[in-house]
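Structure at a glance
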Amino acid sequence: MAKRGEKIIWRPSKPQSIETLIGKNLFEKPIYTFKRAALIADASLPTSLIETVQASFRAQLFLFSGGEKAKTRETKQKLEDQLMEAGFGKDSSIVSLGGGVTSDLAGFLAATYMRGVELILIPTSLLAMVDAAFGGKCGVNTPFGKNLIGATYLPKTIYVDLNFLATLSEREKRCGLAEVIKYGLIQDLSIWKLLKKKPLPLDALIPRSIQCKLNIAGADPLEKGLRRILNFGHTVAHALESLSNYSIPHGEAVALGLIAESALSHRLGHLSQKAFQEIKTLIEGFSYPLKLPSNFSSAFLRDAMRLDKKSKGGAPRFVQIDRIGRAVSFAGDYCRSAPKKELEALIAWLKKNYG
Ligand SMILES: NC(=O)c1ccc[n+]([C@@H]2O[C@H](COP(=O)([O-])OP(=O)(O)OC[C@H]3O[C@@H](n4cnc5c(N)ncnc54)[C@H](O)[C@@H]3O)[C@@H](O)[C@H]2O)c1
């Protein structure tokens, strides 16, 4: 039997502390929260997975339909009404079971229900295990855009059960992997080295990725500088997602965004040709579709990139790396705009290679 779990304890700011348990079979024994537990779960998850967690917490189950389209104020309101109807009070514990959609939704629900109740996160997708469940951001989408209403709310405990990945589709795994690749590029060379191993050592990559996100988010909780490096690859990725009307999944857009922004780092003289080639080869080796949206045009991409949250004075700014495992500081800003002609050249290169 696998061990109950490796424990990483992160204390972002006193007196709060977040206990993170990573391991296998984390729910084979009862877990005591000493509160009445409401399990908010993505209904598309395998039934056995939901039942295991429900039994371990002796929780009352609240299902929602899952998927990005369900991450709305309406779904949150419906769940709130169900919780109130079932008599859940301030001494409740909200247990989130699912991918990033669920942790964002249930996290926001916990932040506002009775002005804040205990939150426990159980990420089940690779993306949520290495990214969405960590850092405290939560929220919902609106017709005006993604994640526009939300909060920063820290969970009490996060359980990462590596067994849960067994039922995740290969496509979803690849999507989560794009963020792991990002950590290797911006901060942790040991992640990069592990990414070259076959079969991919996910059991080792996941704790390292979590530690990477916690180090960065913990060092800059208000996103004033360093935390921007988590956005590497994302200026281009968000623009591609928006151009494709979100038909390109986030992780696939990030994979192409990482190649594009590494190419830009090279064009701007920070990254060597050899390192750039190594990055391109590794990412292409993971069989992402790496295809620009059919309605792609340079004007569209430029416009979409201007909407990025790092933009300044209408110009997109990019995180850059000067070697694999290190982002450039730019006097603590961690992003910089690129000359127009370099952006044009990058867009032409993208069209030629991935159009
Ligand atoms: N708060 C943050 O810091 C943060 C960071 C990154 C992403 N996000 C958010 O995360 C969301 C994307 O997360 P996601 O990719 O996990 O999406 P998701 O929650 O929709 O999960 C992806 C798909 O995988 C399925 N799934 C999840 N776990 C499974 C399992 N163990 N077995 C079988 N199927 C499983 C889900 O049902 C879903 O169909 C977006 O809404 C994004 O905005 C938030």
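Scope of this entry: the structure provided in the associated data block. For clarity, every value in this text was computed on a predicted model and none was experimentally measured.

Calculation rules
- Each chain has its residues counted from 1, following the order in which its sequence is written.
- A pLDDT threshold of at least 70 governs which residues receive local features in this predicted model, and a stricter bar of 80 or more applies before side-chain atom pairs are shown or counted, although totals over entire chains, interfaces and linings include all residues.
- Side-chain figures throughout are based on the complete set of non-hydrogen atoms in the structure, without hydrogens or water.
- Patch membership requires over 30% relative accessible area and the absence of a salt bridge. Like charges are linked within 9 Å, and nonpolar side chains (Val, Leu, Ile, Met, Phe, Trp, Tyr) within 5 Å.
- To measure how exposed things are, a 1.4 Å probe is used in the Shrake-Rupley method; for residues, cover is taken only from the protein chains shown.
- Any carboxyl oxygen of Asp or Glu within 4 Å of a side-chain nitrogen of Lys or Arg constitutes a salt bridge here.
- Comment: elements are numbered from the N terminus, with helices defined as DSSP H or I runs of at least four residues and strands as E runs of at least two.
- The rule is simple: take the accessible area with a 1.4 Å probe, protein chains only, and divide by the maximum for that residue type; under 20% is buried, over 50% is exposed, in between is partly exposed.
- When at least one non-hydrogen atom of a residue lies within 4 Å of a molecule or strand, that residue is treated as near it.
- Under the rule applied, a polar contact is a pair of N or O atoms within 3.5 Å (in protein, one hydrogen donor and one hydrogen acceptor; residues adjacent in sequence only if both atoms are side-chain atoms).
- Gly is put with the polar residues, along with every residue not named as nonpolar or charged; the nonpolar set is Ala, Val, Leu, Ile, Met, Phe, Trp, Tyr, Cys and Pro, and the charged set is Asp, Glu, Lys and Arg.
- Note on contacts: a residue pair is in contact if any heavy atoms of the two residues lie within 4.5 Å.
- Expected span, for any helix, means 1.5 Å times one less than how many residues it has.
- The reported arc concerns the directions from the helix axis to the C-beta atoms and nothing else.
- By convention a nonpolar core is built from buried Ala, Val, Leu, Ile, Met, Phe, Trp, Tyr and Cys residues, the set being connected through side-chain atoms within 4.5 Å.

A few points about a nonpolar patch on the surface
A contiguous nonpolar surface patch, about 340 Å² in accessible area, is contributed by F144, L148 and I149. Following the sequence through the fold, I149 ends up in strand β8 (residues 145-152). Look at I149 and you get partly exposed, because its relative accessible area is 32%.

Comments concerning the site of the ligand
Taken together, 24 residues lie near the ligand, and D42, E68, T124, S125 and T167 sit nearest. T124 is positioned such that a nitrogen or oxygen atom in its side chain is 2.8 Å from a nitrogen atom of the ligand. Protein contact buries 83% of the 870 Å² of open area that the ligand shows by itself. Those elements giving two or more residues to the shell around the ligand turn out to be α3 (100-112), α4 (126-132) and β8. Here the shell around the ligand is built from residues that sort into eight nonpolar, seven polar and nine charged.

Considering unusual backbone geometry
In this chain, K198 is followed by P199 through a cis amide linkage whose omega measures -10 degrees. With respect to the secondary-structure elements, P199 resides in the loop between α6 (189-194) and α7 (202-219). The residue R58 is not glycine, and still its phi comes out positive at about 45 degrees. Unlike most non-glycine residues, F330 shows phi in positive territory, near 45 degrees. With respect to the helices, strands and loops of the structure, F330 is situated in the loop between β12 (326-327) and β13 (336-337). Residue class for F330 comes out buried when judged on its relative accessible area of 13%.

A word on the environment of I216
Among the structural elements, I216 can be located in helix α7. A relative accessible area of 0% places I216 in the buried class. With sequence-adjacent residues up to four places away left out, I216 is seen in contact with I186, Q187, L226, R227, I229 and L230.

Here's the deal with helix α10 (residues 273-284)
The first and last C-alpha atoms of α10 sit 16 Å apart over 12 residues, in line with the 16 Å expected at 1.5 Å per residue. Listed in full, the buried residues belonging to α10 are A275, F276, I279, K280, L282 and I283. Along the axis of α10, the buried positions cluster into a sector of 165 degrees, meaning they face one direction only. Set apart from the buried face of α10 by more than 90 degrees, the exposed residues are K274 and T281.

Some details on the nonpolar core
Core analysis: the biggest nonpolar cluster contains 115 residues, and F57, L97, I122, I181, L195 and I206 have the highest contact counts within it. The leading source of residues in this core is helix α9 (residues 250-267), at nine residues. Apart from the residues within four sequence positions on either side, I122 is in contact with F27, V53, F57, V95, S96, L97, G98, Y159 and F164.

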